[in-house]
Amino acid sequence: MSNQFVLHLLYEQRPDILKPRWSQKTFEGRLRHFYSTVNPLNLFVSNAALDKSRDVIKFYMKGAICPRMTVEQLWRHKQIYDSAFHPETGEKMFILGRMSAQVPCNMLLTGGMLTFYKNPRSVILLHWMNQSFNAAVNYTNRSGENPITKTELLRAYVCATGGALSVALGLNSVVGHFHPLIGRLVPFVAVAVANAINIPMMRYKEFTDGISLEDEKGKFVGRSTSVAKRAIPEVVISRVAMALPIMVLIPMIMNRVDKTRWYKRNPWVAAPMQVLMVGFGLLFSTPFCCALFPQKKSVKVENLEPVAREKIQALRNPPKVVYYNKGL
């Protein structure tokens, strides 16, 4: 592989692939970035192609590139690399834990929850499967700096699953006398509660130890617990917002569809119809909601908690503004 590469002078025009291709200061730039990240077509890239993209990126970072490679091809290799390899360890990630698996996996799970929301056995099975999938995603994308232990993962998994099932089964037992649409919205409430439990528990170390802070050059300057109190709620909002359009609009649509003669003659279409609608909705809601808040955010040092502020101000040439990764 290395024979296909030649040393290349580092011109100013050379793309900086350590940063996203599009500006993250604008919503449009963040939307384009996340659309390329969660694109489900990345799941169909072969292992040979994944390894090739990894080698291209590895050699490029050392200053060597193929002279025939275009900028567009380079960014495509970077997108493939980002879709399958852990950003910190560089290891190939479990396929169901990749961001590109979010749409196909969630369309099946969410479509099932919306279809079989009245059946207690189906409710238990589908919510258990959904939280198992979430646990796989969280573990696969765990941070190298604040790694999730198996005990912590299990604790969050059990609490999120228990919360989702308690809400789903509890509400199902009392909504029978309400408008049919209310019952169809129970899965959304259960998923929202599970996210509100799961995400803070998975990231509780950031509340106690803080999130890493960097200066404008990317140098570590300290930690802050106050920014964690801003970052984690934003992640919860994004996750709940992803489910909002598909788990609220689709039940409203189905509540009208199931009154038609065509549907009454073909009730079997409920599952495939809702799965397809969920899949279509996720193609837009997933990148859109990931882009709601910038992933890398800034904060003035004077607005940090006293301990973090004093440590940074004690540095030589201390920065006035620091940056942190909000997470997804």
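Residues numbered from 1 in each chain as written. Predicted model: local features only at pLDDT ≥ 70, side-chain atom pairs only at ≥ 80, totals over all residues. Heavy atoms only, no water.

*Asks:* Report on the pattern of salt bridges, specifying residues and quantitative values.
*Replies:* The full count for this structure, using the stated rule, is 9 salt bridges. In this structure, Arg54 engages Asp55 in a salt bridge whose closest nitrogen and oxygen atoms are separated by 3.7 Å. Measuring nitrogen to oxygen at the nearest pair gives 2.8 Å for the salt bridge that ties Lys78 to Asp82. With Lys78 and Asp82 both in helix 3 (residues 71–84) and 4 residues apart, this pair spans about one turn of that helix. According to the relative accessible area criterion, Lys78 is buried, its value standing at 13%. (Salt bridge = Lys/Arg side-chain N within 4 Å of Asp/Glu carboxyl O. Helix = DSSP H or I, 4+ residues; strand = E, 2+ residues; numbered from the N terminus. Buried < 20%, exposed > 50% of the residue type's maximum accessible area, 1.4 Å probe, protein only.)

*Asks:* Explain the environment of Val186 to me, and be specific about the residues and the numbers.
*Replies:* By the secondary structure assignment, Val186 is in helix 8 (residues 186–202). For the pair Val186 and Phe116, spaced 70 residues apart in the sequence, the C-alpha separation amounts to 11 Å. Leave out the neighbours within four places in its chain, and Val186 touches Val167, Ala168, Leu171, Asn172 and Val175. (Contact = heavy atoms within 4.5 Å.)

*Asks:* Give me the pairing of strand 6 (residues 321–325): which residues, what numbers.
*Replies:* Side-chain alternation along strand 6 places Val322 and Tyr324 on a buried face and Val321, Tyr323 and Asn325 on a face that remains uncovered. The pairing of strand 5 (residues 296–300) with strand 6 spans 5 bridges and is antiparallel. The residue bridging Lys300 from the neighbouring strand is Val321, located in strand 6. (Pairing = 2+ DSSP bridges.)

*Asks:* An account of the nonpolar core is requested, with residue identities and associated values reported.
*Replies:* Within soluble globular proteins, side chains that are nonpolar tend to cluster in buried spots. If you look at the biggest cluster of nonpolar residues, it comprises 19 residues, and the most contacted ones within it are Ile246, Met247, Ile250, Tyr263, Val278 and Leu282. Those elements giving two or more residues to this core turn out to be helix 4 (102–115), helix 8, helix 10 (228–257) and helix 12 (270–290). The residues contacting Ile246, other than those within four sequence positions of it, are Thr110, Leu114, Pro251, Val278, Gly281 and Leu282. Among the nonpolar cores identified, the runner-up in size contains 15 residues, and Cys66, Met69, Leu74 and Trp75 belong to it. (Core = buried A, V, L, I, M, F, W, Y, C linked by side-chain atoms within 4.5 Å.)

*Asks:* Any chance you could break down the packing of helix 4 against helix 12 for me, citing the residues and the numbers?
*Replies:* Between helix 4 and helix 12, the least distance of the axes is 8 Å, while the angle of their chain directions is 135 degrees. Between helix 4 and helix 12, the angle falls in the class oblique. Note that helix 4 runs across helix 12; the crossing there is right-handed. Here Val103, Asn106, Met107, Leu108, Thr110, Gly111, Leu114 and Thr115 of helix 4 come into contact with helix 12, specifically with Ala270, Ala271, Gln274, Val275, Leu276, Val278, Gly279, Leu282, Leu283 and Thr286. Taken together, the residues of the contact of helix 4 with helix 12 break down into 11 nonpolar, 7 polar and no charged. (Axes fitted to C-alpha atoms, helices over the stretch in contact; angles between N-to-C directions. Parallel < 35°, antiparallel > 145°, perpendicular 65-115°, else oblique. Left-handed = near helix turned anticlockwise from the far one by under 90°. Nonpolar A, V, L, I, M, F, W, Y, C, P; charged D, E, K, R; others polar.)

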